[in-house]
Amino acid sequence: MRTFLYTDDGVTIDSVYDPGAVVYDSSRPSAGDLAFVVAHGFTGDVDRPHVRRVVEAFTRHGGVVTFSFRGHGASGGRSTVGDREVLDLAAAVRWARELGHARVVTVGFSMGGSVVLRHAALYGGDGREGDGGARTDAVVSVSAPARWYYRGTAPMRKLHWLVTRPEGRLVGRYGFRTRIHHQEWNPVPMSPVEAVPRIAPTPLLIVHGDQDGYFPLDHPRMLAQAAGDHGELWLEPGMGHAEHAAGGALLDRIGHWAVAQGG
């Protein structure tokens, strides 16, 4: 099922629903009511093969909603590289609940990993936005940054050129099908590490590869430290960055973790 959702600020979001391939199992009674909402990384979209591979893996555990962030693919607007994208995720979570899923788990990769953390802090946890329909029941953040403006690796320096320079944004538009907003953040949004303490009591899983070429291990460790006893950290040996590096076995473990949060 494919549709366009509308965010609270009026942006159209290209969204796809894949029903779960879950066969009822008495040892996993909560699996049937579960939906994953997948938040892709920067320059991804719902039709990218690496995003569809994640969807296919999660359908073994529940229904899956995926969507293209603003400025990506067929969605409207322009990318704000993790700021207003929280509204896109909120619209997708509401849709998952409208489709009848009682439990929703958000799973984000890279930029999407930072978005699921901030979304859970705003709409889950202590519920600052007061929107129960957009609330998540558990959060999985994969390969996310802990802090903004990080330029400590060559890939991140290239990404900053893509975002901040006019010629970079042209490359993003025509080379990656990603339309990037020219305005800087104002105000600067809450950082992922600032968001994490506000997520409790919503279950939180942080996943990061020890061969991540974008964000070294101080990022997941900062996030885990901010979570304290509340969050769970998986450091994956040999794993690189985000969806491309997330193998089937890891995705299956994440799916089992999500099902287990239902008790």
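Above this text sits the structure in question.
Residues numbered from 1 in each chain as written. Predicted model: local features only at pLDDT ≥ 70, side-chain atom pairs only at ≥ 80, totals over all residues. Heavy atoms only, no water.

A.B. asks: A description of the overall build of the protein should follow, citing residues and the corresponding values.
C.D. replies: Assigned secondary structure in the protein consists of nine helices and eight strands. The C-alpha radius of gyration computed for the protein amounts to 17 Å, which stays within 12% of the reference 18 Å derived for 263 residues, consistent with globular compactness. Here the protein holds 263 residues, and 57% of them are scored as buried. Counting only contacts in the protein whose residues sit at least 6 apart along the sequence, the fraction spanning at least 24 positions is 78%. Accessible area for the protein stands at about 10,800 Å²; split by element, carbon and sulfur atoms hold 52% of it. One way to put it: in the protein the 27 positive side-chain charges average out to a point 5 Å from where the 28 negative ones average out. (Helix = DSSP H or I, 4+ residues; strand = E, 2+ residues; numbered from the N terminus. Rg over C-alpha atoms; globule rule 2.2 N^0.38 Å. Buried < 20%, exposed > 50% of the residue type's maximum accessible area, 1.4 Å probe, protein only. Contact = heavy atoms within 4.5 Å. Areas by Shrake-Rupley, 256 points an atom, 1.4 Å probe, with all protein chains shown as cover. Lys, Arg positive; Asp, Glu negative; His and termini not counted. Charge placed at Lys NZ, Arg CZ, Asp CG, Glu CD.)

A.B. asks: Please give an account of the sheet that holds strand β1 (residues 2–6) that cites residues and values.
C.D. replies: One open sheet holds the eight strands; their spatial order is β1-β2-β4-β3-β5-β6-β7-β8, and the pairing between them is mixed. Every interior strand has two partners, whereas the edge strands, β1 and β8 (231–236), have only one. Taking each pair of neighbouring strands and ignoring which way they run, the sheet shows an average axis angle of 20°. Bridge count for strand β5 (residues 103–109) against strand β6 (residues 138–142) is five bridges, and the pairing is parallel. Residue pairing across strands places V105 opposite A138, the latter belonging to β6. (Pairing = 2+ DSSP bridges. Axes fitted to C-alpha atoms, helices over the stretch in contact; angles between N-to-C directions.)

A.B. asks: Mind laying out the side chain of T80, listing which residues take part and the relevant values?
C.D. replies: Examined against the element boundaries, T80 turns out to sit in the loop between β4 (63–67) and α2 (85–98). On the accessibility criterion, T80 (14% relative accessible area) is buried. The contacts of T80, once residues within four sequence positions are left out, are E85, H181 and W185.

A.B. asks: Describe the pattern of salt bridges, and please don't skip the residues or the numbers.
C.D. replies: Tallying each qualifying case throughout the model produces 15 salt bridges. Among the salt bridges present, the one from D9 reaches R70, with a minimum N-O distance of 2.8 Å. Taken together, the residues D9 in the loop between β1 and β2 (12–18) and R70 in the loop between β4 and α2 connect sequence positions 61 residues apart. The class for R70 is buried, based on a relative accessible area of 4%. Taking the shortest distance from any N to any O, the salt bridge between R84 and D9 comes out at 3.4 Å. Highlighted residues: R84 in the loop between β4 and α2 and D9 in the loop between β1 and β2, separated in sequence by 75 residues. (Salt bridge = Lys/Arg side-chain N within 4 Å of Asp/Glu carboxyl O.)

A.B. asks: Tell me what's going on with the packing of aromatic side chains, and back it up with residues and numbers.
C.D. replies: Centre-to-centre distance and the angle between the planes together describe a pair of aromatic rings. Throughout the structure, instances matching the rule amount to seven aromatic pairs. Centroid distance F67 to F69: 4.9 Å. Interplanar angle 85°. Geometry classified as edge-to-face. Plain terms: the ring middles of Y214 and F215 are 6.5 Å apart, the flat faces sit at 45° to each other, and that makes the pair tilted. The class of Y214 is partly exposed, set by a relative accessible area of 30%. Put simply, the rings of W148, Y149 and W185 pair up and form one aromatic cluster. Residue placement shows R253 over the ring face of W234; its charged tip is 4.4 Å from the ring centre. (Phe/Tyr/Trp six-rings, centres within 6.5 Å; stacked < 30°, edge-to-face > 60°. Lys NZ or Arg CZ within 6 Å of the ring centre and 35° of its normal.)

A.B. asks: Pulling in residues and values, what's your account of unusual backbone geometry?
C.D. replies: Between N186 and P187 the backbone carries a cis peptide bond, its omega angle lying at 5°. Inspection of the secondary structure puts P187 in the loop between α5 (166–175) and α6 (192–195). Backbone geometry at T43 places phi at a positive 75°, although glycine is not the residue there. Summarising the element assignment, T43 is placed in the loop between β3 (34–39) and α1 (49–58). With a relative accessible area of 19%, T43 lands in the buried category. Phi is positive for V81, close to 55°, though the residue is something other than glycine. On the secondary structure map, V81 appears in the loop between β4 and α2. Taking relative accessible area as the criterion, V81 reaches 19% and is therefore assigned buried.

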